[in-house]
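Architecture and fold: a report
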Amino acid sequence: MRPSPAPMPSKPKIAIVSREEEGLSLQDFLANRLHVTKRAAKAMLDARLVWVNRKLVWIARHALRPGDKVAFVVRTGTGARQDKSAERRPHIRVLWQDDAYLAVDKPAGVLTQGRDSAEELLRVQEGNPGIAAVHRLDRETSGVLLFAKTAEALEAAIAMFKTHRVLKHYAAIVAGEVERQMSTLTETLDGERAVTHLKRLRATPDASFLSLRIETGRTHQIRRHLAGIRHPVVGDRQYGVKKSDDPRVLSVTRQMLHAQELELPHPLLLGQHIRAHAPLPADFRAALKLFGLGKR
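Residues numbered from 1 in each chain as written. Predicted model: local features only at pLDDT ≥ 70, side-chain atom pairs only at ≥ 80, totals over all residues. Heavy atoms only, no water.

Looking at the overall build of the protein
When its secondary structure is counted, the protein shows seven helices and 14 strands. Computed over its C-alpha atoms, the radius of gyration of the protein comes to 20 Å, within 12% of the 19 Å expected for a compact globule of 296 residues. Here the C-alpha coordinates of the protein stretch approximately 70 × 45 × 40 Å along the principal axes. Looking at the protein as a whole, 48% of its 296 residues are labelled buried. Summarising the internal contacts of the protein: among those between residues at least 6 apart in sequence, 64% fall at separations of at least 24. Charge separation in the protein, taken as the distance between the mean sites of 49 positive and 32 negative side-chain charges, equals 4 Å. (Helix = DSSP H or I, 4+ residues; strand = E, 2+ residues; numbered from the N terminus. Rg over C-alpha atoms; globule rule 2.2 N^0.38 Å. Buried < 20%, exposed > 50% of the residue type's maximum accessible area, 1.4 Å probe, protein only. Contact = heavy atoms within 4.5 Å. Lys, Arg positive; Asp, Glu negative; His and termini not counted. Charge placed at Lys NZ, Arg CZ, Asp CG, Glu CD.)

A few points about the sheet that holds strand β2 (residues 50-52)
The sheet built from four strands is open, its strands ordered β1-β4-β2-β3 with antiparallel pairing. This sheet does not close on itself; its edge strands, each paired only once, are β1 (13-16) and β3 (55-56). Note that β2 and strand β4 (residues 69-72) share three bridges and pair antiparallel. Each residue of the ladder has a partner; that of Val50, found in β4, is Phe72. Along the sheet, helix α1 (residues 26-34) contacts β1, β2 and β4; its crossing angle with β4, the most-contacted strand, is approximately 70°. (Pairing = 2+ DSSP bridges. Axes fitted to C-alpha atoms, helices over the stretch in contact; angles between N-to-C directions.)

Some points on the pattern of salt bridges
In total, this model carries 15 salt bridges according to the counting rule given. With its nearest N and O atoms 3.3 Å apart, the salt bridge here joins Lys38 to Asp28. Of this pair, Lys38 sits in helix α2 (residues 38-46) while Asp28 sits in helix α1; the two residues are ten residues apart in sequence, bridging distant segments of the chain. Among the residues examined, Lys38 registers a relative accessible area of 49% and is labelled partly exposed. Across the salt bridge formed by Arg123 and Glu119, the nearest N and O atoms sit 3.4 Å from each other. With a gap of four residues between them, Arg123 and Glu119 both fall in helix α3 (residues 118-126), about one helical turn apart. The class of Glu119 is buried, set by a relative accessible area of 8%. Salt bridges here are not isolated pairs; linked through shared partners, they connect Asp138, Arg223 and Asp236. (Salt bridge = Lys/Arg side-chain N within 4 Å of Asp/Glu carboxyl O.)

Here's the deal with the pairing of strand β12 (residues 207-214)
Taken residue by residue, a regular strand's side chains alternate between the two faces of the sheet. Most of β12 is tucked away, with six of its eight residues classed as buried. Note: strand β9 (residues 167-175) against β12, eight bridges, orientation antiparallel. The residue bridging His169 from the neighbouring strand is Arg213, located in β12. Sheet topology places strand β11 (residues 196-203) next to β12; seven bridges connect them, and they run antiparallel. For Lys199, the partnering residue across the bridge sits in β12 and is Ser211.

Pasting the structure below:
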């Protein structure tokens with residue numbers, strides 16, 4: 001199981017490739033230097049946690065040359081030595097619930113559905129094998145996630161989400177200074193309408209702290225929209241910065257995107273609403289401080 005990110009280090013670890021290591025694959029180099037299995041080294045590459053000469057590299061067979069600088073972040077549980085506490089199943093915090101639904105605060109690093117997912121953990125935690133996710137968050141995105149307790153509740157909630165009467169608010173840290181205080185992004189994604197409303201909360205020349213509201217729920221919508229205006233989410237290894245001279249960028253171990261609030265009419269109870277709020281997690285607050293975006 002992939003654990004939640006540990007508190008971010010002030011800077012990544014750096015290793016210099018020696019002459020004796022010339023021609024080694026990046027995977028073998030990491031395995032040898034960190035004394036971990038090749039599988040663990042590959043997991044680091046897949047998680048986009050390795051940079052060569054300040055360029056993000058995830059190809060296991062990438063051949064190294066003497067003098068190459070390999071920067072990497074080791075997450076708890078990825079090395080040869082693992083603290084037994086890291087093997088424990090994380091507790092999923094329930095933010096709100098009634099007889100039909102529960103809204104939880106999903107940790108970063110946990111899938112919504114599948115093996116060792118938030119859905120599986122909740123089924124055990126709540127003693128209800130019928131619990132099912134109504135929508136999804138990316139593995140690396142933290143925050144509010146809604147689950148149904150029965151098949152009837154699930155069907156009604158999915159229908160509600162299709163009406164676009166669901167309010168979803170996110171917090172994000174993005175690269176660069178966003179100039180406009182408020183704007184709306186409407187770039188079509190995968191041939192479908194996609195709308196993201198953006199509000200700048202704080203900004204420096206290097207990074208910005210944003211509040212976002214989405215009207216639609218396209219795949220990776222926020223991440224793709226922000227990358228499209230050249231302000232990708234910090235820590236996003238797929239759509240984000242692939243090369244950086246800023247050591248702070250290398251120290252961020254996951255994408256700084258957090259689902260902060262969810263509100264919708266109750267799918268089964270006329271006149272009632274579901275509202276849930278998830279506070280910013282510790283690693284997100286640490287990133288704000290790292291980029292000088294903390295409260296003034």
